[in-house]
Amino acid sequence: MFTGIITDIGEVRSLEQRGDLGARIATQYDTAGIEIGASIACNGVCLTVVALGSDWFDVQISAETVSKTNIGAWSVGYRVNLERALRVGDELGGHIVSGHVDGQAEVIRVAEEGDSTRVTLRAPEALARFIAPKGSVALNGTSLTVNEVEGRDFGINFIPHTKVATTWGDVQEGDMVNLEIDTRARYGARLAEMS
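Residues numbered from 1 in each chain as written. Predicted model: local features only at pLDDT ≥ 70, side-chain atom pairs only at ≥ 80, totals over all residues. Heavy atoms only, no water.

Enquirer: Could you clarify how one ought to interpret the packing of aromatic side chains in this entry?
Expert: Aromatic ring pairs: the centre-centre distance and the angle between the two ring planes describe each pair. According to the stated counting rule, one finds two aromatic pairs in the structure shown. Between W74 and Y78 the ring centres are 6.0 Å apart and the planes differ by 25 degrees, which places this aromatic pair in the stacked class. The exposure class of W74 is buried, given its relative accessible area of 6%. With relative accessibility at 23%, the residue Y78 sits in the partly exposed group. (Phe/Tyr/Trp six-rings, centres within 6.5 Å; stacked < 30°, edge-to-face > 60°. Buried < 20%, exposed > 50% of the residue type's maximum accessible area, 1.4 Å probe, protein only.)

See the structure below:
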């Protein structure tokens, strides 16, 4: 489990297709404190560490995961939001995030509003009903509050801190971002269907 509070920005050092996709990700984490088999959310995708170096870790990514996420667009030098798995006793500053991406949303508008940036995204039709104003979503692993919703489109406001502490300062129209809907929204919709 994760909180959606990004604690490092990694960089893809290498990609290698051998059965599964292998990726080496540079990090500022103290890798001496990471164990083989640990989970690290990479742009919101829960991935398992399979090898470690002094300033990097390797992950293996299945074809299923590549097909459901924006990992297929990764290239050497690509910047990735990173979060280590939640430990009992850690502060829960965002919301509960599983690291299981539901789909991808497309960035359709980026507009500066004062010091902040307003980003409008378009959700896949099957997921749009789970997104509500003032509800939570995880986008590329970042816990965010939805400002407004109109059909499949929804808006997020990024303050300067978030743009610096994550990869959201690089956002452009046309980007595809990993979307994980709030688990509570999914269960709420399921309960409503059954009543």
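Enquirer: Quick question: what am I supposed to make of the pattern of salt bridges here?
Expert: A pair can form between side chains of opposite charge whenever their charged atoms are brought close. Scanning the entire structure with this criterion turns up eight salt bridges. For D58, the salt bridge identified is with R24, shortest N-O distance 2.7 Å. A residue pair is termed long-range when its members are at least 10 positions apart, and D58 in strand β5 (residues 56-61) and R24 in strand β2 (residues 20-26) qualify at 34 residues. Using a relative accessible area of 28% as the deciding quantity, one classes R24 as partly exposed. Through salt bridges with shared partners, a single ionic network connects E113, R118 and E148. (Salt bridge = Lys/Arg side-chain N within 4 Å of Asp/Glu carboxyl O. Helix = DSSP H or I, 4+ residues; strand = E, 2+ residues; numbered from the N terminus.)

Enquirer: What exactly am I supposed to notice about the side chain of N43 here?
Expert: Tracing the backbone shows N43 in the loop between β3 (39-42) and β4 (45-52). Sequence-distant contacts of N43, that is, excluding residues within four places in its chain, are made with N70, W74, Y78, V80, N81, N140, G141 and N178. (Contact = heavy atoms within 4.5 Å.)

Enquirer: I would appreciate a short explanation of the pairing of β3 in the present structure.
Expert: Regular strands have side chains that alternate between both faces of the sheet. The pairing of β3 with β4 spans four bridges and is classified as antiparallel. If you follow C42 over to β4, its bridge partner there is V45. Adjacent in sequence and paired antiparallel, β3 and β4 are bridged by two residues, among which N43 carries a positive phi angle near 55 degrees. As defined by bridge partners, β3 adjoins strand β6 (residues 79-84) across three bridges and the pair is classed as antiparallel. Bridge pairing in β6 links C42 to L82. (Pairing = 2+ DSSP bridges.)

Enquirer: How should I be thinking about the sheet that holds β6 in this particular structure?
Expert: Sheet strands pair via backbone hydrogen bonds, and the direction of the pair is either parallel or antiparallel. Pairing is antiparallel in the closed barrel, where six strands are placed in the order β1-β2-β5-β4-β3-β6. Taken over all neighbouring pairs, the strand axes of this sheet differ in orientation by 45 degrees on average, direction set aside. (Axes fitted to C-alpha atoms, helices over the stretch in contact; angles between N-to-C directions.)

Enquirer: So what exactly am I meant to see when it comes to the nonpolar core here?
Expert: One broad rule of soluble globular proteins: the nonpolar side chains tend to lie buried together. In this structure, L121, I131, V137, L139, F154, I156 and L179 are the most contacted members of the largest nonpolar core, which totals 21 residues. Taken together, the elements giving at least two residues each to this core come down to β7 (103-113), β8 (116-122), α2 (125-128), β9 (136-139), β12 (153-158) and β13 (176-181). With sequence-adjacent residues up to four places away left out, I131 is seen in contact with A123, V137, V146, V149, F154, L179 and I181. If you look at the next biggest cluster of nonpolar residues, it comprises 20 residues, including V12, I25, L47 and V49. (Core = buried A, V, L, I, M, F, W, Y, C linked by side-chain atoms within 4.5 Å.)

Enquirer: Is there a simple way to explain the state of the cysteines in this structure?
Expert: Joining two cysteines, a disulfide is a covalent bond between their sulfur atoms. Within this structure, the stated rule accounts for zero disulfides. Free cysteine: C42, not disulfide-bonded; nearest cysteine sulfur from C46 at 8.7 Å. (Disulfide = S-S within 2.5 Å.)

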